[in-house]
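Listed below are the residues making up each chain.
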Amino acid sequence: MSADQQADAAALCERVAADTDLNGYLPDAAEHPVFRADPLVSALQVRFCLVLPLVSSGERNPAWLALLDAAPRGPDELAAFMPGLEALLAHARQLQDLVRQHQRLAHLTQGREERLGKALHESESRLNLTEHTAGVGSWSVNIGTGQIQHSEEYGSILGLKPGESVPDLAAMVRRYTPEWRTGIRQRLERCAQTGEAFDEEIQVQVPGLSPKWVRTVGNAVRDASGNIVRIQGAVQDISVQKHAQQETLRLAMRLTTTLASITEAFVTLDRQCCFTYLNQESERLLQKTTAELLGQEVWQDFNPDLAQRLREQLGVAIRSNRRVELEDFFPSLGKWLEVRAYPFAEGLAVYFRDVTERRRAQEQLMLLETSVARLNDIVVIAEAGAGPGDEARIVFVNDAFEKHTGYRGDEVLGQPPRFLLERDPSTAKLLEMVNRLKESPQARTELMVHRKTGESFWVELEVVSVQASAEVVTHWVAVGRDITQRKNAEDMIRHLAFYDPLTDLPNRQLLLDRLQKALSQSTRTGQHGALMFIDLDNFKILNDTLGHHVGDQLLRQVAQRLTNSVRKTDTVARLGGDEFVVMVDDLSTDAETAASKSRILSEKVLNVLREPFQIVGHQHFATPSIGVTAFSGKHSDVSELLKQADLAMYQAKGMGRNTLCYFDPDMQATVSANAAVGAALRVGLREKQFVVHYQPQVDRLGVITGVEALVRWQHPEKGLIWPADFIPVAEDTGLILPLGMWVLETACEQLASWANGEQTANLSIAVNVSVYQFRHPNFVDMVMAAIQRTGIGPHKLKLELTESLLADRMEITIQKMGMLKDLGVTLSLDDFGVGYSSLSCLKRLPLDQLKIDKGFVADVLTDPNDAAISRAIIALAQSLSLQVVAEGVETHEQLNFLAEQGCDQFQGHLFAPALPIQTLEAFLRNPSHATTVAA
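The structure presented is a predicted model; accordingly, all values stated were derived computationally and were not measured.

*Asks:* How would you summarise the sheet that holds strand β24 (residues 624–631) if you had to cite specific residues and measurements?
*Replies:* Sheet architecture is open: five strands sit in the order β20-β21-β19-β24-β25, paired in mixed fashion. On the outer flanks of this sheet lie β20 (571–576) and β25 (660–662), each paired with one strand and no other. Averaged over neighbouring strand pairs, the angle between their axes works out to 20 degrees when direction is ignored. The strands touched by helix α21 (residues 638–654) are β19 (528–536), β21 (579–588), β24 and β25; relative to β24, the strand with the most contacts, the crossing angle is about 145 degrees.

*Asks:* So what about the packing of aromatic side chains? Which residues, and what values?
*Replies:* For the coordinates displayed, the defined rule picks out twelve aromatic pairs. Between F266 and Y277, the aromatic rings sit 6.2 Å apart at their centres with planes inclined by 55 degrees, giving tilted as the arrangement. Of this pair, F266 sits in strand β9 (residues 265–270) while Y277 is found in strand β10 (residues 275–278), placing the two residues eleven residues apart along the sequence. By relative accessible area, Y277 is classed as partly exposed at 24%. Seen from their ring centres, F774 and F779 are 5.7 Å apart, and the 55 degrees between their planes marks the pair as tilted. One aromatic cluster is present, built from ring pairs that chain together F266, Y277, Y342 and Y351.

*Asks:* Go over the pattern of salt bridges, please, and point to the residues and values.
*Replies:* Overall, the coordinates contain 48 salt bridges when judged by the stated rule. One salt bridge connects R408 with E411, and the closest N-O pair in it is separated by 3.7 Å. A salt bridge links E708 to K851; the shortest N-O distance between them is 3.2 Å. With E708 in strand β27 (residues 703–715) and K851 in strand β32 (residues 849–852), this pair connects stretches of sequence that are 143 residues apart. There is no split in this pair, since E708 and K851 are both buried. Taken together, the shared-partner salt bridges in this structure form one network comprising E264, E327, E338, R340, R353, R358 and R359.

*Asks:* An account of helix α31 (residues 892–901) is requested, with residue identities and associated values reported.
*Replies:* When we look at burial in α31, the residues that qualify are Q894, L895, F897 and L898. Buried residues of α31, seen end-on, are gathered within an arc of 165 degrees and therefore sit on one face of the element.

*Asks:* Could you give an account of the sheet that holds β10, with specific residues and numbers?
*Replies:* If you walk across this open sheet you meet the five strands as β10-β9-β13-β12-β11, and the pairing is antiparallel. If you trace the sheet from one side to the other, it starts and ends with β10 and β11 (324–330), each paired once. On average, each strand axis in the sheet is tilted by 25 degrees relative to the strand beside it, whichever way the strands run. As paired elements, strand β12 (residues 335–344) and strand β13 (residues 347–354) share eight bridges and run antiparallel to each other. For P343, the partnering residue across the bridge sits in β13 and is L348.

*Asks:* Report on the environment of F533, specifying residues and quantitative values.
*Replies:* Mapped onto the elements of the fold, F533 is located in strand β19. Taking the C-alpha atoms as reference points, F533 and L642, separated by 109 residues in sequence, lie 7.7 Å from one another. In contact with F533, other than residues within four places in its own chain, are L575, E579, F580, V581, S625, I626, G627, L642, A645, D646 and M649.

*Asks:* Break down the nonpolar core for me, citing the residues and quoting the values.
*Replies:* Membership of the largest hydrophobic core comes to 79 residues, with the highest contact counts inside it found for L797 and L799. Counting residues per element, this core draws most heavily on helix α24 (residues 736–754), at nine residues. Excluding its chain neighbours within four sequence positions, the residues that come into contact with L797 are L744, C748, L751, I765, V767, V783, I787, I792, V825 and T826.

*Asks:* Lay out the pairing of strand β14 (residues 378–383) with the relevant residues and their values.
*Replies:* The pairing of β14 with strand β18 (residues 473–482) spans six bridges and is classified as antiparallel. Residue pairing across strands places V380 opposite A478, the latter belonging to β18. Bridge analysis of β14 against strand β15 (residues 393–397) gives four bridges, and the strand direction is antiparallel. Considered in β15, the bridge of A382 is made with I394.

*Asks:* Pulling in residues and values, what's your account of the side chain of N398?
*Replies:* Inspection of the secondary structure assignment puts N398 in the loop between β15 and α13 (399–405). Here V379 takes part through its backbone nitrogen, which lies 3.1 Å from a polar atom of the side chain of N398.

*Asks:* Run through the packing of helix α19 (residues 548–565) against helix α20 (residues 591–610), naming residues and quoting values.
*Replies:* Where α19 meets α20, the axes come as close as 10 Å, and the angle between the chain directions of the two elements is 145 degrees. The two elements α19 and α20 meet at a crossing, and its hand is right-handed. In this structure, α19 uses V558, R561, L562 and S565 to contact α20, whose residues at the interface are L601, K604, V605, V608 and L609. Taken together, the residues of the contact of α19 with α20 break down into six nonpolar, one polar and two charged.

*Asks:* Account for the packing of helix α17 (residues 508–525) against α21, naming residues and giving values.
*Replies:* At a minimum axis distance of 9 Å, the contact between α17 and α21 shows a crossing angle of 110 degrees. One way to sum up the angle between α17 and α21 is to call them roughly perpendicular. Between α17 and α21, the contacting residues are R508, L511, L512, L515, Q516 and L519 on the first element and V638, L641 and L642 on the second. Looking at side-chain class alone, the contact of α17 with α21 contains seven nonpolar, one polar and one charged residues.

Here is what the cut-offs are and how they apply
- Residues numbered from 1 in each chain as written.
- Predicted model: local features only at pLDDT ≥ 70, side-chain atom pairs only at ≥ 80, totals over all residues.
- Heavy atoms only, no water.
- Pairing = 2+ DSSP bridges.
- Helix = DSSP H or I, 4+ residues; strand = E, 2+ residues; numbered from the N terminus.
- Axes fitted to C-alpha atoms, helices over the stretch in contact; angles between N-to-C directions.
- Contact = heavy atoms within 4.5 Å.
- Phe/Tyr/Trp six-rings, centres within 6.5 Å; stacked < 30°, edge-to-face > 60°.
- Buried < 20%, exposed > 50% of the residue type's maximum accessible area, 1.4 Å probe, protein only.
- Salt bridge = Lys/Arg side-chain N within 4 Å of Asp/Glu carboxyl O.
- Arc of directions from axis to C-beta.
- Core = buried A, V, L, I, M, F, W, Y, C linked by side-chain atoms within 4.5 Å.
- Polar contact = N/O pair within 3.5 Å; in protein donor to acceptor, adjacent residues only side chain to side chain.
- Left-handed = near helix turned anticlockwise from the far one by under 90°.
- Nonpolar A, V, L, I, M, F, W, Y, C, P; charged D, E, K, R; others polar.
- Parallel < 35°, antiparallel > 145°, perpendicular 65-115°, else oblique.

Put into structure tokens, the structure is as follows:
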């Protein structure tokens, strides 16, 4: 420090000591309005000044002990080292007194000098004690010699052993930690060269200890000529203060970080409720920055009513030194805020929390509670048990629960939900639902619930779990709806769906279901069963003659008899109309024993149904046709079983009705074969696989007068198939209609083609007509359309009808034949003598021709009966003025016999087989020696 700076320092200390307000203590000169402009403050950055007087205030030339520093010192720091300074000051004053005494007594004797030296030594001891007390050690470096002198406290601070000293400047520098050595060396060198003082806080190495923070002060000392002769200074152990500063800094940083990271809005207010601190969340919530709010009253931007409430509540917190909490709506923010104020010495710490969503949730909850209480659906909330074996307990029920069950809320709260349920099966359903809820957060079921009166009603119940975590369920919320009416309706609908409304027997659907279950059970147990298909004979006649109401009575009585004839475990079902099915299972594990039992039961049923029925006061006899088939677990198709029983029943009808028949696999084979033929027929019709062959018909003179059209199936794989192999199937499947119409149109087209030929213009073509084809309502119209479309002469078309037409509906048959006759079509009765013909019917039919069946012709020469029948047919035809055609003529002897009896025309292999159209036309151009073509 230069002389001028020393003078400035002395002046500064004098001013501080003279200022009565400061009382010798200037904590921060830079903040003081008077001293901030002092040259020592602005140039050397002096901030702290402490002046302690060394002499009493009455002395003329006062002296001080002054402490100057670049760091400000607050009251706490001053109090920390003040005791040491006071002790140093006291010793310094004693030292000053001794120095003055030495000056006054310099002329005293040597003895007195010795006493003075002794006093000086004691003063030095007291100074060492003072240094130790203050934690300050002094040192001095001789510039000329480089030697260092230091106090004991200096050595203690540096950790020197007793008697150990720091010999020179280099050793002194080595006492500092490596990172500080270069800096302290440079400051010592500058101080020695230029007199620049220094004051640094650096670290020294202490053997066996961690580095120690010391304040190192250095100052140049000059002689009378102004030359620097030594450097003197001091070190002060400031480790405690430094650590305290660092800890304070860490705490401050931690506090700042904590406040900034608080997710809630946090502010501090002074005692006038003005903002002194705001964290980031509070800026976001209050929608203003810290700069805009610091120093402002917390309620400044709020409406008067809200501001008044805040002022009152925060004032209570400050006056009572107790925390306050309030929750209010802040219109300017558009939010509900929760405010919690905690008083402390300087004011209030206030937390703001946005509770808008919570308030909205509370409102929604209140509305929900009100709504739930008024719901028509039952709502029950149960608290889950604390342990695995603890039952849930009801904690809430709504009004609908009380209305539907009759229990008041206080009667069920705390009760387990199961006390409302029937033991079986509702309890089992509840346990099943609980197990489902372990895997899913919700489950649904239907239960029977007890009313308080003991009655039960159906509830559709949906339960949802309320989970505190993924593993912990706290409550169950159950919502139930009374579905008693729906269940009753479902039962009624189910009954209507599965039971016959007339007889109240199971219908086809329920029968199929039970039969499937019986097959499954048979697979497990090995038991055999039987299926009976029952059809009432001639039931249609009863309905048509006595009316359907009488038929219904008969069906009900049949159902009752069937039910009484079998075991309660057996099933009696009505398939519809007069068809019934009886299913019996668990007959025996032995097939023969089971077959015997089923036969006994079937015959019992047959005999029971043969007994007369009392209907509307009259006895009525109804007989059944029964088909029976056995089953076991190896059967898998219930429809196949029904088909087998049905086939057996039709076999019983074919055997003359009023009997029973057991299913034979050959029946199935025949049906399957017919089904395959039927499917192939459809393909054949679609792909036009059919052809027409023609067999000539000749008169007595051998003249060909016409042909018969005979259909053949030109199968792509099986070759040519004869009519006997597919016509019956075509009639059963209804395909005879399109097939017969195709043959008829083909014949008409062929007649049209022959009309212009010299040899063929007078030929006729006979076409066989099936009874199904003839019964078709539009058959006459279709024949007329074919004639008109081809333009042929109607008399050249000959329709050969079978005797089965005469079995029933004679009037309709005669009417249609008359219409065809009016068209000019020739009508022939085919296979006469083998069907339903009677003389009384025959005389009424508008026929042109009779055909003797080839069965009679084949044995006409060997069987007298066939010969007699043939003669009778010819005689009958002649008496009715009808032509007679004999088919199947194979020999000349047959021809001669028939000709002698008066037969008009002949047809058979004696003349020609049925030929394809090309072969036929070639034959017509070159007939055999026995035949000619009519011109």
